[in-house]
Structure formats: C-alpha cells, structure tokens
Amino acid sequence: MSLPATIINDLCMNLLENILARLPAVDFASADCVNHLWHLVCARILSCPKLSSSCSFSNYPQVAAKDVLMKILSEPIRPHFAIVSVDPSLDPSVYCAFREAHKIITAKLGSRVPVITIFSDTNMGRDAISDESRERGIIMLTVGFLPGMKVKQISLLHKDNLSSDPQAFMIDEFLKDIREFSTSISGCQSPAAIMIFSVSLHVTVPEVARHS
C-alpha cells in the first residue's frame, strides 16, 4: 500500500530538516542557497528556540573569547541575546579582561544582539576545545534564540534582613514571584528557564531546588 503524497512530503521535509540542522554553520549557510525548498527548511530550523553555551579554560581573554565564539557559532543559530560569564581571577587587571572579552564577543555578534557580561567564579560547562564537561571555566558564553521571550528580574534576598543576615533567603516568596510572573505571561506556573546570578551559587541553587 502506497502512502499519500502529503505524508511522503512531510517525511521528506522532516528528514531534510534533521540533516540540515546537524550541519556546521558554514555548510548550513551554503545549504540555505541551494533552492527554495532548502531555504524554507533552513528558515524553519533557525526559527526554533535554541540555547547554546560553551566554556573556555584559556588564561588569555582574547583566546578564551574567540574559543567560545568559534564553538557557539559553529552550529546554526540566530543570536537573540548573549550572556558572558568572566572569572574574576582571569587577569590581575580584571576589569581590562572583562572589557576585552565583552568587546570581542560584541563585535562578533553584532550591535543588535544584547550582550550581558558578568563576573562569576562558578562557570561550569563544556570545554570549547575538548567538549568535556568541566568546572571553573575562565569564560562561559551562552547564546540564545527565544522568540517571544519575556524576562523579569526577581530578587532572592529579603531586603529587610540584608544588614543582619546576608544569606536570609526568602525562597517561598521568590518561587511565588516566579510562578506569578510565568502564569501572567503564558498561563503556566513553570517558566521555560531560570537563570540565577549569585556570589554564593553553591548555597542558592540547592535551596531553590529543595523548595521547588
């Protein structure tokens, strides 16, 4: 029994999309120019939400920034935003390293892509060179394309207790605020992602996970 033409076309499209999505970025760009069908499939791939991250363990900011950029941009992605985490021990003149990494990455991604650069000594991820999972990365780059994304900054610390106890976490209120914001945007209590920035990440993450 032969399959209907529409089913065969759908199977071919899905197979082609699966193949093209695995191509390196340069080959993907070439595939986009083959014909109208391939162009439509490539456009569909680029329109899908995606997060990609990479770490570099090089002690030289220029090398580290270029390593993570090369790894991230080796795959098809449409940069929507970028977050750069720089280890403050990267260089004796840490602010110079901070600015240098930000400058290199911003120049490569373009002026229309917002780049948030922060200090963090808890960078964990895949090495841009070896692709192995490691801790204490010198620079970590996360690039995402999340169409329709809504973002809100929510503080974890209770302002009234900061002077007496800097680790007085209001976990329940924190999670309540997250759920209320997520519900107001999507109707679902669980957000697509939570990014936590903290000077005490080893304390923050377990506390939030335990109360979730």
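Only a predicted model underlies this, so the values are computations on that prediction, with no experimental measurement involved.

Within strand S6 (residues 139–145), seven of the seven residues are buried, leaving the element largely enclosed by the surrounding structure. Side chains Ile 139, Leu 141, Val 143 and Phe 145 of S6 all project onto a buried face; the interleaved residues Met 140, Thr 142 and Gly 144 project onto the opposite face, where all are buried too. Here seven bridges tie strand S1 (residues 50–56) to S6, and the two strands are oriented antiparallel to one another. The partner of Cys 55 across the bridge, within S6, is Met 140. Pairing analysis gives six bridges linking strand S2 (residues 81–86) to S6, with the strands arranged antiparallel. Each bridged residue has a counterpart across the sheet, and for Val 84 the counterpart in S6 is Leu 141.

Okay, the confidence of the model for the chain next. Mean pLDDT over the chain stands at 75; residues scoring 70 or higher make up 73%. Across the chain, element-level confidence peaks in helix H3 (residues 36–46) with a mean pLDDT of 89 and bottoms out in helix H7 (residues 201–211) with 47. Note that residues 201–209 has pLDDT below 50 and, in this model, 14 contacts with residues that lie over four places away or in other chains.

About the criteria used
Along each chain, residues carry numbers from 1 onward, in the same order as the chain's sequence is written. Where local features are concerned, this predicted model is filtered to residues with pLDDT of at least 70; where side-chain atom pairs are given and counted, the filter is 80 or more; whole-chain, interface and lining totals use all residues. Excluding hydrogens and water, the side-chain figures rest on all heavy atoms present in the structure. We call a residue buried when its accessible area falls under 20% of the maximum for its residue type, exposed when it is over 50%, and partly exposed in between, using a 1.4 Å probe and counting protein chains only. Helix and strand assignments come from DSSP, with helices taken as H or I runs of at least 4 residues and strands as E runs of at least 2, each series counted from the N terminus. In this analysis, strands are considered paired if DSSP registers two or more bridges between them. Looking at any residue, its pLDDT shows the predictor's confidence there, from 0 to 100. Whether two residues touch is decided by their heavy atoms; if any such pair falls within 4.5 Å, the residues are in contact.

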